Amino acid sequence: METNDLTKQSTPLNHAGENREVCNICGAPLATFYAFYADRPNRCGKCHGMERHRIFQWAYDCFIHREFRFDNKEVLACTPGEAELKFMLQPARRVVSFDVRPVAWFDLQMDIHDMQPITDNSFDAFMAMAVLQHVRDDARAIDEIHRVLRPGGRLFIQSSNIMNGRTRPVENLTTHYSQEELEKYGVGTYRVYGDTDLIDLVARRFCVKTFHGYDPLCGGTDMIICGIKR
């Protein structure tokens, strides 16, 4: 009889197969975590991953990798963090990073609404972690993402959704970004998504699948939306 690999682990694991004492992205111990705009340690001291990154990694390890892997893929990533660039997307053949603002360590400065440097059908995957709520015209952004993905390509979105709720606007657009960034680059906090509204938005252009993810270190949960280009 074949033995499941998880039974060979010497460290106790929970039901999803992860060690709750180390970061599920980089393996750094929980003791290295520090508080980042939070009242308890929530950010990894090694990969600087936040809850959203660990939630996506959990969903990827448990579910997403069974049908789509980043191995040998070309990935376009909007405002990725170190956790994505150095760890989560490490198996990819090529990763192109960008932001609408001038960020020295990203490959391109371009607007997600109008990604002119990118030709049609150029990438296998698009990562947008905590991005769409800060985009002025989210429907136009979805159209552009659809354009640059190859047929069968995947869009992965995390947006800290209101479960079983409706999208609501945010009165203070500078909740996260500055007034200068809002005026110069159009970056602000425009909305908090309701999960069904975000699904409908993506479904305008994509076949949609959803994955519920879990942060094994801090306990948070969220939905990862995957859009598949037909």
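This one's a predicted model, so the numbers in the text were calculated from it and none came from an experiment.

Q: Can you help me understand the overall build of the chain in this one?
A: Along the chain, the regular secondary structure elements total 5 helices and 9 strands. Along the chain, from the amino end to the carboxyl end, the secondary structure elements read α-β-α-β-β-β-α-β-β-α-β-α-β-β. Relative to a compact globule of 230 residues, whose C-alpha radius of gyration would be 17 Å, the chain shows 18 Å and is just as compact. Counting across all 230 residues of the chain, residues that qualify as buried make up 50%. Taking the contacts inside the chain whose residues are at least 6 apart along the sequence as the reference set, 61% of them involve residues at least 24 apart. Total accessible area on the chain stands at roughly 11,600 Å², and carbon and sulfur atoms take up 48% of it.

Q: Looking at this model, I keep getting lost on the packing of aromatic side chains. Mind explaining?
A: Scanning all chains against the criterion turns up 12 aromatic pairs. Ring geometry for Phe36 versus Tyr37: centroids 4.9 Å apart, planes at 90°, classification edge-to-face. On the accessibility criterion, Tyr37 (80% relative accessible area) is exposed. Note on Trp58 and Tyr214: the rings are 5.9 Å apart at their centroids and 80° apart in plane angle, and the pair reads as edge-to-face. Here Trp58, found in helix α1 (residues 51–62), pairs with Tyr214, found in strand β8 (residues 207–214); they are 156 residues apart in sequence, far enough to count as distant. Pairwise contacts between aromatic rings join Phe56, Tyr60, Phe68, Phe70 and Phe156 into one cluster.

Q: Sorry, what's going on with the pairing of strand β2 (residues 94–99) here?
A: On a regular strand, one side chain projects to one face of the sheet and the next to the other, so that they alternate. Direction of pairing for strand β1 (residues 74–78) relative to β2: parallel, over a ladder of 5 bridges. Among the inter-strand pairings, Val75 is bridged to a residue of β2, identified as Val95. One crossover worth recording links β1 to the parallel β2 by way of helix α2 (residues 82–88), and it is right-handed.

Q: Hey, could you run me through the nonpolar core in this one?
A: Among soluble globular proteins, nonpolar side chains are generally buried collectively. By size, the foremost hydrophobic cluster in this structure holds 29 residues, and its most contacted members are Phe56, Ile64, Phe70, Met127 and Phe156. Here this core takes 4 residues from α1, the largest share from any one element. In this structure, Phe156 is in contact with Phe56, Ile64, Phe68, Phe70, Phe126, Met127, Ala128, Ile225 and Cys226, ignoring residues within four places of it in sequence. Membership of the second largest hydrophobic core comes to 28 residues, among which are Val96, Val131, Leu132 and Ile145.

Parameters at a glance
Residues numbered from 1 in each chain as written. Predicted model: local features only at pLDDT ≥ 70, side-chain atom pairs only at ≥ 80, totals over all residues. Heavy atoms only, no water. Helix = DSSP H or I, 4+ residues; strand = E, 2+ residues; numbered from the N terminus. Rg over C-alpha atoms; globule rule 2.2 N^0.38 Å. Buried < 20%, exposed > 50% of the residue type's maximum accessible area, 1.4 Å probe, protein only. Contact = heavy atoms within 4.5 Å. Areas by Shrake-Rupley, 256 points an atom, 1.4 Å probe, with all protein chains shown as cover. Phe/Tyr/Trp six-rings, centres within 6.5 Å; stacked < 30°, edge-to-face > 60°. Pairing = 2+ DSSP bridges. Right-handed = clockwise from strand over helix to strand, strands pointing away. Core = buried A, V, L, I, M, F, W, Y, C linked by side-chain atoms within 4.5 Å.

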